[in-house]
Amino acid sequence: MSITENLTTLKKEIPNHVTLVAVSKTKPISDLMEAYNAGQRIFGENKIQEMTEKWESMPKDIKWHMIGHVQTNKVKYMAEFVDLIHGVDSLKLLKEINKYAKKHDRVISCLLQIKIAEEDSKFGLSVQDTKTIINSQKFSELENIKIIGLMGMATFTDDTRQVKKEFQFLKSVFDDLKPLQTENCKLKTLSMGMSGDYQLAIDCGSNMVRIGSSIFGARNYD
Ligand SMILES: *Cc1c(COP(=O)(O)O)cnc(C)c1O
């Protein structure tokens, strides 16, 4: 199956209210261009340098999503163009994003990453830390960022019940925090679901899925 065919199939399966992020990490620009020519405009990358190189050489109507873990010292390289940062997990990182967004006279949209998996290796905030951040004075002063939603990654397992439990948990956190609206925090986006579990994620309330291998084929490395 070609990239174009994969995208066509996926678009039939994904309801209209769900945004498809095409996860193109490690893939060559020729593959991304095939997806672009098939109409795809949102791409997800997990390394800032790779995303920046692709941004520099590809059409400028592409929306670039940073889906990987972000180191504070790398924020400056993507602040000019990044459309959405999925993996925000600290106030320190929010402050850094705010600082560079301001330099470029932008407001950068972010998702807070919530830890839903049981694996220790996965990043993310606890529910309590999330509430503390959103309610803090320091956060309210960050005028060049806005939190538009939450993101989570389920445990890497074949156990569908486990994954479903984690997705349901994230949805309940999302519903719980939604009323906590502030000037720079309005939760609308729930980013959960990848190639192996996006249907389940959508059933559990996801409205943004991050899909890589089902579009571009398996990766050799991550
Ligand atoms: C790589 C990656 C994906 C996509 O994974 P696939 O299984 O290839 O669809 C989604 N989300 C994040 C955070 C990733 O790093």
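Residues numbered from 1 in each chain as written. Predicted model: local features only at pLDDT ≥ 70, side-chain atom pairs only at ≥ 80, totals over all residues. Heavy atoms only, no water.

The name recorded for the protein chain in an unreviewed UniProt entry is Pyridoxal phosphate homeostasis protein, from Winogradskyella wandonensis. The heading Sequence similarities (unreviewed entry) in the UniProt record of the protein chain holds the text "Belongs to the pyridoxal phosphate-binding protein YggS/PROSC family." In its Function (unreviewed entry) section, the UniProt entry covering the protein chain states "Pyridoxal 5'-phosphate (PLP)-binding protein, which is involved in PLP homeostasis." (UniProt positions renumbered as here; feature names shortened; annotations may be inferred.)

1. Observations concerning the UniProt feature "modified residue: N6-(pyridoxal phosphate)lysine" (unreviewed entry) in the protein chain
Residues annotated by UniProt as "modified residue: N6-(pyridoxal phosphate)lysine" (unreviewed entry) correspond here to Lys25. Position of lysine 25 relative to the elements: it lies in the loop between β1 (19-23) and α2 (29-37). (Helix = DSSP H or I, 4+ residues; strand = E, 2+ residues; numbered from the N terminus.)

2. A short note on the packing of helix α6 (residues 127-135) against helix α8 (residues 160-177)
Helix-helix packing is characterised by the crossing angle of the two axes and by the distance between the axes. Taken N-terminus to C-terminus, the directions of α6 and α8 make an angle of 25°; their axes are 12 Å apart at the nearest point. Compared by their axis directions, α6 and α8 come out roughly parallel. The two elements α6 and α8 meet at a crossing, and its hand is right-handed. Across the interface between the two elements, Val127, Thr130 and Lys131 from α6 touch Phe169, Val173, Asp176 and Leu177 from α8. Looking at the contact of α6 with α8, its residues break down into four nonpolar, one polar and two charged. (Axes fitted to C-alpha atoms, helices over the stretch in contact; angles between N-to-C directions. Parallel < 35°, antiparallel > 145°, perpendicular 65-115°, else oblique. Left-handed = near helix turned anticlockwise from the far one by under 90°. Contact = heavy atoms within 4.5 Å. Nonpolar A, V, L, I, M, F, W, Y, C, P; charged D, E, K, R; others polar.)

3. Overview of α6
For α6, the set of buried residues is Thr130, Ile133 and Ile134. Projected down its long axis, α6 carries its buried residues within an arc of 95°, all on one side. Across α6 from its buried face, at more than 90 degrees, point the exposed residues Gln128 and Asn135. In this structure, the buried residues of α6 make contact with α5 (91-103), β5 (108-113), α7 (137-140), α8 and β7 (185-191). (Buried < 20%, exposed > 50% of the residue type's maximum accessible area, 1.4 Å probe, protein only. Arc of directions from axis to C-beta.)

4. Notes on the environment of proline 59
One can find proline 59 in the loop between α3 (48-57) and β3 (63-66). On the basis of relative accessible area, proline 59 is assigned to the partly exposed category, the value being 24%. As for proline 59 and tyrosine 36, which are separated by 23 residues in sequence, their C-alpha atoms are 8.8 Å apart. Excluding anything up to four places from it in sequence, proline 59 contacts Met33 and Tyr36.

5. Let's talk about the environment of valine 173
By secondary structure assignment, the location of valine 173 is in helix α8. By relative accessible area, which is 3% here, valine 173 ends up buried. In this view, valine 173 contacts Val127 and Leu150; residues no more than four positions away in its chain are not counted.

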